[in-house]
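Structural description and commentary
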Number of protein chains: 2
Amino acid sequence: MIKNVIVGQSGGPTAVINASLYGVVSEALSQKDAVGNVYGMINGIEGFLNGQIMDMAPLRESGELELIRTTPGSYLGSCRYKLPEDLSDEVYPRIFEKFLEYEIGYFFYIGGNDSMDTVSKLSRYAEQTGSDIRFIGIPKTIDNDLILTDHTPGFGSAAKFVASTVREIAVDASVYDNKQSVTIVEIMGRHAGWLTAASVLARKYKEDNPVLIYLPETAFDPEVFLSEVQAALEDTANLVVCVSEGINDGKGTFICELASDVGVDTFGHKMLTGSGKFLENLVRDRLGIKVRSIELNVPQRCSSAWLSATDLSEAADSGAFGVKCALAGETGRMISFIRKPGEDYELTFGTEDVNLICNQEKAVPREWISENGSDIEKEFIDYALPLIQGSVTVPEENGLPKFAYRK
Amino acid sequence: MIKNVIVGQSGGPTAVINASLYGVVSEALSQKDAVGNVYGMINGIEGFLNGQIMDMAPLRESGELELIRTTPGSYLGSCRYKLPEDLSDEVYPRIFEKFLEYEIGYFFYIGGNDSMDTVSKLSRYAEQTGSDIRFIGIPKTIDNDLILTDHTPGFGSAAKFVASTVREIAVDASVYDNKQSVTIVEIMGRHAGWLTAASVLARKYKEDNPVLIYLPETAFDPEVFLSEVQAALEDTANLVVCVSEGINDGKGTFICELASDVGVDTFGHKMLTGSGKFLENLVRDRLGIKVRSIELNVPQRCSSAWLSATDLSEAADSGAFGVKCALAGETGRMISFIRKPGEDYELTFGTEDVNLICNQEKAVPREWISENGSDIEKEFIDYALPLIQGSVTVPEENGLPKFAYRK
């Protein structure tokens, strides 16, 4: 029996979350024997509850769908709405009545941890109530912290952005190489250091910048940091240091929290600061060396400048694979990325129980970090390099990237 | 008589200052009848004084010169060394003895305001002492603030970076479009707002973000700003505001100085803050709206991600043109960019007296800024659009941009 498809996006955007949307919609529209209409929900499950949906088929006709593929951000909008833990809450029948109204047979949710939590709850509620709607999670997160998958779409492009940008920052830092300086680059990642670790790829040769790299996975000691900076300056006059926003003392206190309590400006506004800014002040104050900090900020997750062709195509393919799994009868599953063993990089897709994935976080393995916690080992480089391969030409219009947007 | 060429780079780097170096070196190496060796000075005139020079010819043989063309930053290194005002200072004979030692006939200096000051002083000293060495300045600055030239190389690529990145940030900001938010983007430009003005190009349609844009050319009033933000939020739930780092009260006080006096963290470190961070705190405190600030920082001047093909080729051509001018007998001149009148963009080069240019700054014309000082007029868009046209494919190696560097 022909049923309709609905797809949504949730959580923070990435450079390729729309490629996954493209994959789901293209595949669903091509399954004419099984799928009727293909709907997008605006602002995730929260918007869906308010009846905000759109028909996706016209986007293929107009060529907009192809443009969506290389547009960063969430085309359908996003939400951070968490469904109640209690499956007897009144919101569940409301959602399922809407499913009935739109004759939904297949539900796809593209997102990270929290989004998988939504897929988990909806699929469990369906099981409880005998609904045959199928729920599939399509992974996305630049943080690369989902378990039971080799990696997540969005990470490859974000890693390529971080490594390229840090390489450029290192070039910039080196132009006054007759004077000592320290440049601290703060990279996203509150709990997992995958993205910060990717800065190691920026090195053009051994001993090149970034010389020091610190992840949240190891305890950070400001005093040890200062001595490591001083030692590194002996060999590298213009030192670049990369740190995760989430570096912490190993006992639950973020380094940036050491600064955010007291600072107030002339108007009495509390001054919030990041780990990079904190370390900048520390180096200036204690070592008296020229220092600056650079927060890579949201371009890490929304820039189309350094799209990885590998990441982009895997994102689209995982969306299409999700549709096939749903049509084959799977539900309550997340699409997983499986790397074939061996020297050459090759990827296949599978599915994993979404209930095991949601609300879990995968850290960088301790053995991929140097013993003293200030460098990244070859194992990580071997893992990450295949994920940043290939570049993507984003369509340009009048000298600027052309992006799809909801009118 | 055959003489040698020396070329240097000075001041802050840009994405295309090496393209100008490529232009000078390629053209000089091709002038076999007039030019002997082509030397590069390491770390500008300061390094030259210490005898730090390199032979550039081998770079052409090895293919490195072609790679230099698309490498951001200053391949030869830079300096911020200011020559003494007093031309009877002992440093001048020292420099000219070195010129004699290396049989220099032609001196090229690629840089901004301060670098033109160096060209001015050396050419005046040469005139005083009867030296026939010719001194030519090749302009560069992302700030676009040199007078007597339509624009400067480096600005086009920086403008393209700013407009593309602000467009991406606006996409990112819009994904939670069911909640109000303010995103403040801080853009380089202490005294001139050219680069901040380029953020207007990010608009995909009229009324699109960035809705508010503030330059240093008009007086900034935090209270007026707050009311303009509130008014703009009525139409645009996710507001993006672009500000120059140098916005000021019109009486000589930078807005960021209002914050930098008092803030200290738990270790007593003084907390320096930018104009974006200051306004973020102001909006949070006074309007209670979700707000974040993003400092585009050094990638504005060192990113190869959004190279403008127009900018890159003009930078290289201006370097080559400089060599021809020197060989034709010109000295004490800066290469100027002359836009032909008419609808279609066409550029020719000329030269201007470097003494008139150095230590001057060109502001954005007041009539190119809206009357209330919070938007940019069409005249600027017509001026800037041709400068960001065309994209450049930077060579990639192992998934990352491949850059030239001195071994």
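Bear in mind that the values here come from a model prediction, so they are computed numbers and not experimental data. (Residues numbered from 1 in each chain as written. Chains lettered and ligands numbered in written order. Predicted model: local features only at pLDDT ≥ 70, side-chain atom pairs only at ≥ 80, totals over all residues. Heavy atoms only, no water.)

1. Some thoughts on the pairing of strand 4 (residues 104–111) of chain A
All names here are of chain A.
- Along strand 4, 8 of the 8 residues are buried, which leaves the element largely enclosed by surrounding structure.
- Note that strand 1 (residues 3–9) and strand 4 share 6 bridges and pair parallel. The residue bridging asparagine 4 from the neighbouring strand is isoleucine 104, located in strand 4.
- Bridge count for strand 4 against strand 5 (residues 134–139) is 6 bridges, and the pairing is parallel. Bridged to glycine 111 within strand 5 is proline 139.
- In this fold, the crossover linking strand 4 to strand 5 by way of helix 6 (residues 113–129) has right-handed handedness. (Buried < 20%, exposed > 50% of the residue type's maximum accessible area, 1.4 Å probe, protein only. Helix = DSSP H or I, 4+ residues; strand = E, 2+ residues; numbered from the N terminus. Pairing = 2+ DSSP bridges. Right-handed = clockwise from strand over helix to strand, strands pointing away.)

2. Concerning the confidence of the model for chain A
- Mean pLDDT for chain A: 94, with 97% of residues reaching 70 or above.
- Ignoring residues within four places in sequence, the model shows residues 260–271 of chain A, a span with pLDDT below 50, making 32 contacts including any to other chains. (pLDDT = per-residue confidence, 0-100. Contact = heavy atoms within 4.5 Å.)

3. Here we look at the pattern of salt bridges
All names here are of chain B.
- Counted under the stated rule, the structure contains 46 salt bridges over all chains.
- When the shortest N-O distance is used, the salt bridge between lysine 277 and glutamate 280 registers 3.5 Å. Highlighted residues: lysine 277 and glutamate 280, both in helix 10 (residues 275–287), separated by 3 residues, approximately one helical turn.
- On the basis of relative accessibility, which here comes to 26%, the residue lysine 277 falls in the partly exposed class. (Salt bridge = Lys/Arg side-chain N within 4 Å of Asp/Glu carboxyl O.)

4. Digging into the state of the cysteines
- In the structure shown here, the tally under the stated rule is 0 disulfides over all chains.
- As a non-bridged cysteine, cysteine 242 of chain A has cysteine 302 of chain B as the owner of its nearest cysteine sulfur, 13 Å distant. (Disulfide = S-S within 2.5 Å.)

5. What about the relation of the copies chain B and chain A?
- The two copies are related by a screw motion: chain B maps onto chain A through a turn of 180° and a shift of 0.0 Å along the axis, at an RMSD of 0.0 Å. Both copies of the chain, as the preceding transformation shows, are related through a two-fold rotation axis.
- Taken as a fraction of all interface residues of chain B, those also at the interface in chain A reach 100%, which identifies the copy contact as same-surface. (Least-squares fit on C-alpha atoms with pLDDT ≥ 70 in both.)

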